[in-house]
Amino acid sequence: MYSILPALVAVLFLFYGFYVVHSKGLNRITTAFLILCVTTFFWQFAWAVLFQIEDQEFASGIIKIGWLLILFLPTSLYQFLTEVTGRYKDLKFVYASYIFSGILAVALITTNGLIDGAYDFFFGYYPKAGLLHPLHVLQTCLVVSRGLYITYKKQQVAQAGEKTKLQYCITSLFIYFFAAVDYLCNYGVEFYPPGVIFIAISLGIMALATTRYQVMDNSRMIASSIAHEMRTPLATLGAQSQILAEYLPELVENYKKTTSPENRNIPENILSELTGVTKSMKVETRSINDGIDHLLAVTSYEYLDKSDFHEFSVKNCVEEAVIRTNSKQTMLYTSKVHVYGDFMVYASREFLTFVLINLIKNAYDSIQKNGSGHVNIYIYSDKDSNRIEVTDTGTGIDKEVLPHIFDKFFTTKRRGKNSGIGLAFCRSVMTAFGGSITCQSVVGSHTTFQLFFKNPTQNKVSAAY
């Protein structure tokens, strides 16, 4: 009878994990959640078996199997929260916690320091805490508290659906804390452990938050829909501009020849502009297509396909990004490229171009807001690193804002002016490339974004010039 609850909940956890993956696809967040659910499933399934066993020696073996999963459960929860919040700086703590759990797992298998036998309670055998057990309790408190902290800090600056999702996660964490009551059983307090109920509710809320309030998925669907609706008319405009480019100059010249100036209904300045209208149409069509490509890239970067990676020159990529950024809206400003050693990278050229376009546009916005300034792009390849630096002498970024600029949906601009996903996009793409992005800024002076690439001493193309 006492095995029914853990057995049912074990199946429920498995359902949670695969439901989220099925609903949202396999990505960093859903993978972390699946790990959390699978770990919990095996723990509860082991307990369902344990409560049916009458032989104490056999029960001790099942206890150790179940506790192997329990040791990693708090860290898997911490990993999920790290992915949800985009707090990738915390991954080093996640890995350290996994290593510590591994050490405790070795102690569990080889000694009685963590689990020292079993209590024979009315509902069955239950693990008895050893001398090292408080270390696991302390680790659990630390990682879950840290997960709560980073989730709370992120929801303070998040917007709309993202904020709601994080608030759901915070609520689920508070419920998760009540599961700690089960530890009393490990110290001889006899009652049927109810912690699994709190964990089931907690993970259910997280599953709801992940599936219902996954804003990036909604953004990607909207972007794809917009792209689909706009591509066809743009293709028509492109074809029509090609026809105009072929025949319009001749029509204008014939009109001038056959119509005297005093009898012309079209002013001379309009006739002069007509000859360049086709070029303008081509530029605008290309600009809109680039904007659509950019929109699709920004809203689908979590699904960057590494099969598209190839080797290419960073210098050529930077020069292409500068050309594509210099639309008529930004022609008041220019970017100067300084090459102190070109190098090759193995990545997606299109995605790196979009990263650079994002940074250059941000730099233009900063100097436009400042009223003056300039943008410089530096390419370095030396013994220390392969890197690109995008520097502007604009308004700078406040030191209170700087730690949040790479957070998803964080923006200091008026809503409707900025979505808050541009720099999050840049960071995720650089991470996918095996590199990183940093920012240094002084208010009223300058801002510098640095893109670091792996293999700092390899793939050098040319010397400084």
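Residues numbered from 1 in each chain as written. Predicted model: local features only at pLDDT ≥ 70, side-chain atom pairs only at ≥ 80, totals over all residues. Heavy atoms only, no water.

What exactly am I supposed to notice about the confidence of the model for the protein chain here?
If pLDDT is low for a region, its predicted coordinates should not be looked at in detail. Looking at the protein chain as a whole, its pLDDT mean stands at 81, while 82% of the residues score no less than 70. The model gives residues 456–465 a pLDDT under 50, and that stretch makes 23 contacts with residues more than four places away or in other chains. (pLDDT = per-residue confidence, 0-100. Contact = heavy atoms within 4.5 Å.)

Sorry, what's going on with the environment of threonine 278 here?
Along the chain, threonine 278 turns up in helix α10 (residues 268–298). For threonine 278, a relative accessible area of 9% gives the class buried. Sequence separation of threonine 278 and alanine 245 is 33 residues, and the distance between their C-alpha atoms is 5.4 Å. Every residue in contact with threonine 278, bar those within four places of it in the chain, is listed here: Ser241, Leu244, Ala245 and Leu248. (Helix = DSSP H or I, 4+ residues; strand = E, 2+ residues; numbered from the N terminus. Buried < 20%, exposed > 50% of the residue type's maximum accessible area, 1.4 Å probe, protein only.)

Even after reading the chapter, I still don't get the pairing of strand β2 (residues 124–129), so can you show me in this structure?
Along any regular strand, the residues point their side chains to alternate faces of the sheet. With 5 of 6 residues buried, β2 lies mostly within the body of the structure. As judged from the 5 bridges shared by strand β1 (residues 115–121) and β2, these two strands associate in the antiparallel manner. Along β2, the bridge assignment pairs isoleucine 115 with alanine 129. Counting the residues in the hairpin turn of β1 and β2 gives 2 residues. (Pairing = 2+ DSSP bridges.)

Whenever I open this one, the side chain of threonine 39 confuses me. Can you help?
Position of threonine 39 relative to the elements: it lies in helix α2 (residues 28–50). Of note is the side chain of threonine 39, whose polar atom sits 2.7 Å from the backbone oxygen of isoleucine 35. (Polar contact = N/O pair within 3.5 Å; in protein donor to acceptor, adjacent residues only side chain to side chain.)

Sorry if this is basic, but what is going on with the packing of aromatic side chains here?
For any pair of aromatic rings, the description consists of the separation of the ring centres together with the inter-plane angle of the planes. Evaluation of the coordinates by the stated rule reveals 27 aromatic pairs. Members of the aromatic cluster, connected to one another through ring pairs, are Tyr2, Trp47, Phe51, Tyr119, Phe121, Phe122, Phe123, Tyr126 and Tyr192. In this structure, lysine 92 packs its charged tip against the face of phenylalanine 93, placed 4.8 Å from the ring centre. Taking NZ or CZ as reference, arginine 387 lies 4.3 Å from the ring centre of tyrosine 380, over its face. (Phe/Tyr/Trp six-rings, centres within 6.5 Å; stacked < 30°, edge-to-face > 60°. Lys NZ or Arg CZ within 6 Å of the ring centre and 35° of its normal.)

Hey, could you run me through the sheet that holds strand β8 (residues 436–442) in this one?
The strands that make up a sheet pair up through hydrogen bonds in the backbone, lying either parallel or antiparallel. Ordered by their spatial adjacency, 5 strands build an open sheet running β4-β6-β7-β9-β8, and the pairing between neighbours is mixed. Looking at strand neighbours, the two that pair on one side only are β4 (335–340) and β8, the edges of this open sheet. Strand-to-strand twist of the sheet, defined as the mean angle between neighbouring strand axes without regard to direction, takes the value 15°. Where helix α11 (residues 314–325) meets the sheet, its contacts fall on β4, β6 (375–381) and β7 (386–392), and the angle it forms with β6 comes to roughly 170°. (Axes fitted to C-alpha atoms, helices over the stretch in contact; angles between N-to-C directions.)

Could you clarify how one ought to interpret a nonpolar patch on the surface in this entry?
A surface patch of nonpolar side chains, about 420 Å² in accessible area, is lined by Ile99, Phe100, Ile103, Leu132 and Leu135. Among the elements that make up the nonpolar patch, the one with the highest residue count is helix α4 (residues 91–110) (3 residues). Structurally, leucine 132 can be placed in the loop between β2 and α5 (133–157). (Patch = residues over 30% accessible without salt bridge, like charges linked within 9 Å, V, L, I, M, F, W, Y side chains within 5 Å. Areas by Shrake-Rupley, 256 points an atom, 1.4 Å probe, with all protein chains shown as cover. Salt bridge = Lys/Arg side-chain N within 4 Å of Asp/Glu carboxyl O.)

Mind showing me how you'd approach the environment of threonine 164 here?
Take threonine 164: it is sitting in helix α6 (residues 160–177). Classification of threonine 164 by relative accessible area gives partly exposed; the value is 24%. Counting along the chain gives 45 residues from threonine 164 to alanine 209, while the straight-line C-alpha distance between them is 7.9 Å.

Would you explain the nonpolar core in this entry?
Considering soluble globular proteins, one finds that nonpolar side chains tend to be buried as a cluster. Counting residues in each nonpolar core, the largest one holds 59 residues, and the members touching the most others are Phe13, Phe33, Trp47 and Trp67. Sort the elements by how many residues they give to this core and helix α3 (residues 56–85) lands first, with 12 residues. Ignoring anything within four residues of it in the chain, the contact list for phenylalanine 33 reads Tyr16, Gly17, Val20, Phe80, Leu203, Met206 and Ala207. (Core = buried A, V, L, I, M, F, W, Y, C linked by side-chain atoms within 4.5 Å.)

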